[in-house]
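# Structural overview for review
Spelled out, the chains give:
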Amino acid sequence: MGKGGGWTPLAAADKDAYALQRQASYSNSGSTGTLGSVVGGSRRPPLSPAAFAKALASRRFTNGADSAVVEELYRKTAEAVLGNTPSLVFDKLSWGEEEWRQLGEALPLCRKLTVLKLTEMENLTDGARWLNLSALTALKVLDLSGCGSLTAVPDLSALTALK
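Residues numbered from 1 in each chain as written. Predicted model: local features only at pLDDT ≥ 70, side-chain atom pairs only at ≥ 80, totals over all residues. Heavy atoms only, no water.

All right, on to the pattern of salt bridges then. All told, the structure shown has six salt bridges when counted by the stated rule. The partner of Glu98 in a salt bridge is Arg44, with the nearest N and O atoms 3.1 Å apart. With Glu98 in helix H6 (residues 97-106) and Arg44 in the loop between helix H3 (34-39) and helix H4 (49-56), the pair connects residues that are 54 residues apart, well separated along the chain. With its nearest N and O atoms 2.7 Å apart, the salt bridge here joins Glu79 to Arg75. Taken together, the residues Glu79 and Arg75, both in helix H5 (residues 65-83) and four residues apart, mark about one turn of the helix. Among the residues examined, Glu79 registers a relative accessible area of 31% and is labelled partly exposed. The partly exposed category is assigned to Arg75, whose relative accessible area is 28%. Taken together, the salt bridges that share partners define one network made up of Arg44, Glu98 and Glu99. (Salt bridge = Lys/Arg side-chain N within 4 Å of Asp/Glu carboxyl O. Helix = DSSP H or I, 4+ residues; strand = E, 2+ residues; numbered from the N terminus. Buried < 20%, exposed > 50% of the residue type's maximum accessible area, 1.4 Å probe, protein only.)

So, in structure tokens, the structure goes:
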């Protein structure tokens, strides 16, 4: 850690993917985790590397080469963190098409995802068309409770581990 115990690139580089995932958690054993204390009820889905690259293209860098470095660092981090994330929990959020599409693009990276909770989510019927759940072969729990707007269940036939 740097002076004062704050974040430094060197301290972040020493953390493995699991430590980064725990640090970025929204919930930590039933209580609000680090991420939850920062974002409260206005949480957005994770960005896939492709979505991040698109957002990054609108940013200005002093040195144009920095953009490629940042994009590559994000890709590696997203693949490590999302690829080792065991659960994603989103509750009581009012997402539009953009957020649902972002989640749909990020889900295929979640190779070890066993729990996906989308509880009391608004607009889930519209959002479900963007979710490629068939990529989640390790998924054991899918919780869609309290989603009053859900009028049709997505195709779950590829989810052989689902309980």
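This part takes up the sheet that holds strand S4 (residues 115-119). Here we have three strands laid out as an open sheet, ordered S3-S4-S5, and parallel in their pairing. With one partner strand each, in any of the chains shown, strand S3 (87-91) and strand S5 (141-143) form the two edges of the open sheet. Direction aside, the axes of adjacent strands within the sheet are offset by 5° on average. Sheet topology note: the S4/S5 ladder contains three bridges and is parallel. Opposite Leu116, over in S5, you have Leu142 as the bridge partner. (Pairing = 2+ DSSP bridges. Axes fitted to C-alpha atoms, helices over the stretch in contact; angles between N-to-C directions.)

The alternating pattern of S3 places Leu88 and Phe90 on a buried face, while none of Ser87, Val89 and Asp91, on the opposite face, is buried. When S3 meets S4, the two strands line up parallel, connected through five bridges. If you follow Asp91 over to S4, its bridge partner there is Thr119.

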